[in-house]
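What follows is the residue order along each chain.
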Amino acid sequence: MQNIALITGINGQDGSYLAEFLLERGYEVHGLLRRHSTVNTSRIDHIIKSDYHKIKFFLHFGDVTDSSNMMRLIAEIRPTEVYNLAAQSHVGISFEVPEYTADATGVSTLKLLEAIRVNGGNCRYYQASTSELFGGLPETAPQSETTPFFPKSPYGVAKLYSYWITVNYRESYNMYACNGILFNHESPRRGENFVTRKITLAIAGIIAGTQEKLSLGNMNAKRDWGFAGDYVAAMWLMLRQSKPDDYVIATNETHTVREFVEAAFAELSIEIRWQGTGVNEKGYDAETGKLLVDVNPEFYRPAEVEYLWGDSTKAEKELGWKRNVDFKGLVKMMVDADLQTVAGMTAEDYKRGRTD
Ligand code: NAP
Ligand code: F7E
């Protein structure tokens, strides 16, 4: 039987890696794409231009907030697997657009599950749940499938609804529906306003001479950062089990935002010397004394998740999942990619120039 996948959020970071992963495994892949006033398919253009397009890879205009659209697409495509990745996924911005976030990140999950149920309910369903569900209980770390939820943002609260409605449809209608509780995962395709990509893009801009310094918010926040390419494999593995369940996916390691900054500059052999605390904290090039990093309270959030550290023992045991890229490898991959695109050089070129 032909495996047919529908991916919502196909042009997002994870959607693009998942589409590649499934196409390589012989799937027919359908993706939901929102209409924009300018084309925003840069993460999947290489697939659109490949031999897969219109033979194994199909794009459909749609929006997860539109239930009639979901109903029709499920009826027409008849997917064997649905990966629901679409969301207003920025935690900070969810405080600016809380109601829309509730619709797109929360209630839309119900619309998609209902479209699947009404159309027979026999496909396998993956829900993009998140470590932001754990949010506000720092004393309970590392966080696993049994850690209590306490979201701290409109995004986290919307995802909490999505998590429970997925469990509810599994229990009420015997649907094969799973929650992947994924901790932060990054890549060179990460959106430019998430902190890791903001850091690596700023470093490339500083080296290219197009940006003066990097301004950040809370540098004490701790995150468990993995590589998005490793995490899409876990999504697929969740839908291969004899019964549906929920799994934490994480690296089991945590770092502060400040440590990410230090590690990224270290890829260019630049050591950061920190001075001051809070809004007065500044990071200087230890060798030249140039100001490279400062704090702008504009990037603080009304409520903050201070400490995320995942325990993915269950996924490792039951799914056989493991990460391939470690923290240092991830930082290097992102710095190298942005340096090449923005400054047209490699880290080695830069380091050679600095010592010449
Ligand atoms: P992303 O890069 O922001 O991608 C989000 C995708 O959702 C984009 O394709 C976006 O399309 C689409 N989308 C947004 N609103 C939509 C709507 N109303 N209708 C249809 N499509 C819509 O996010 P990501 O990092 O790939 O994350 C994928 C999913 O995993 C998200 O649900 C996110 O919340 C969740 N998650 C992410 C992480 C992480 O660390 N990356 C961790 C845990 C969970 P446009 O381009 O049109 O906006
Ligand atoms: O922030 C701090 C910020 O926006 C990480 C999403 O994929 O992962 C992501 O959510 C930390 C926070 O990711 C800046 O306050 C400091 O503590 O990169 P982020 P996030 O909020 O953890 C989860 C798992 C998801 O599910 C989400 O969809 O970094 N921080 N200074 C900053 N963050 C940003 N964005 N920009 C700053 O200037």
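Coordinates for the structure precede this section.
The paragraphs below set out a description of the structure included in this document.

Parameters and conventions
Residues numbered from 1 in each chain as written. Chains lettered and ligands numbered in written order. Predicted model: local features only at pLDDT ≥ 70, side-chain atom pairs only at ≥ 80, totals over all residues. Heavy atoms only, no water. Near = heavy atom within 4 Å. Polar contact = N/O pair within 3.5 Å; in protein donor to acceptor, adjacent residues only side chain to side chain. Areas by Shrake-Rupley, 256 points an atom, 1.4 Å probe, with all protein chains shown as cover. Nonpolar A, V, L, I, M, F, W, Y, C, P; charged D, E, K, R; others polar. Pairing = 2+ DSSP bridges. Helix = DSSP H or I, 4+ residues; strand = E, 2+ residues; numbered from the N terminus. Axes fitted to C-alpha atoms, helices over the stretch in contact; angles between N-to-C directions. Contact = heavy atoms within 4.5 Å. Left-handed = near helix turned anticlockwise from the far one by under 90°. Core = buried A, V, L, I, M, F, W, Y, C linked by side-chain atoms within 4.5 Å. Buried < 20%, exposed > 50% of the residue type's maximum accessible area, 1.4 Å probe, protein only.

### Some thoughts on the site of ligand 2
In the vicinity of ligand 2 lie 22 residues, with Ser89, Thr130, Tyr155, Arg301 and Glu304 positioned nearest. The separation between an oxygen atom of ligand 2 and a polar side-chain atom of Thr130 is 2.7 Å. In this structure, an oxygen atom belonging to ligand 2 sits 2.7 Å away from a side-chain N or O atom of Tyr155. Within the complex, the protein chains bury 95% of what would otherwise be the 700 Å² of accessible surface of ligand 2. Split by residue class, the shell around ligand 2 holds eight nonpolar, eight polar and six charged.

### Quick look at the sheet that holds strand E4 (residues 81–84)
Taken in spatial order, the seven strands of this open sheet run E3-E2-E1-E4-E5-E6-E11, and their pairing is parallel. Of all strands in the sheet, those bounded by a partner on one side alone are strand E3 (57–61) and strand E11 (247–249). For this sheet, the mean angle separating the axes of adjacent strands, direction not counted, is 20°. In terms of strand pairing, strand E5 (residues 124–130) meets strand E6 (residues 177–182) through six bridges, oriented parallel. Paired with Ser129 across the strands is Ile181, a residue of E6. Against the sheet, helix H1 (residues 13–24) contacts strand E1 (4–8), strand E2 (28–33), E3 and E4, and its axis sits at roughly 175° relative to E1. Seen against the sheet, helix H5 (residues 98–118) touches E1, E4 and E5 and runs at an angle of roughly 170° to E5.

### Here's the deal with the sheet that holds strand E8 (residues 214–216)
Judged by pairing direction, the sheet is mixed, and its four strands sit side by side in the order E8-E15-E14-E13 without closing on themselves. Each edge of the open sheet carries a strand with a single partner, namely E8 and strand E13 (272–275). Taken over all neighbouring pairs, the strand axes of this sheet differ in orientation by 20° on average, direction set aside. On the sheet, helix H7 (residues 195–208) packs against E8 and strand E15 (291–295) and is oriented at approximately 160° with respect to E8.

### Here we look at the site of ligand 1
Close contacts around ligand 1 come from 25 residues, with Asn11, Arg34, His36, Ser89 and Tyr155 the closest. Between ligand 1 and Lys159 there is a distance of 2.8 Å, counted from an oxygen atom to a side-chain nitrogen or oxygen. Alone, ligand 1 offers 890 Å² of accessible surface; in the complex the protein occludes 91% of this. Those elements that place two or more of their residues in the shell around ligand 1 are H1, E5 and helix H6 (154–173). Examining the composition of the shell around ligand 1, we find that three residues originate from one element, E5, more than from any other.

### A few points about the packing of H1 against helix H8 (residues 228–238)
Where H1 meets H8, the axes come as close as 9 Å, and the angle between the chain directions of the two elements is 65°. For the element pair H1 and H8, the recorded crossing hand is right-handed. Counted together, Gln13, Asp14, Tyr17, Leu18, Phe21 and Leu22 of H1 and Ala228, Gly229, Val232, Ala233, Met235 and Trp236 of H8 form the full contact between these two elements. Here the residues of the contact of H1 with H8 are counted per class, giving nine nonpolar, two polar and one charged.

### Remarks on the nonpolar core
Counting 69 residues, the largest nonpolar core has Leu22 and Tyr83 as its most contacted members. Per element, the largest residue contribution to this core is nine residues, and it comes from H8. Not counting residues up to four positions away in its chain, the partners in contact with Tyr83 are Ala5, Leu6, Ile7, Thr8, Leu18, Leu22, Tyr126, Met235, Trp236, Leu239 and Arg240. Grouped together as the second largest cluster of nonpolar side chains are 20 residues, Ile4, Ile77, Tyr125 and Ala177 included.

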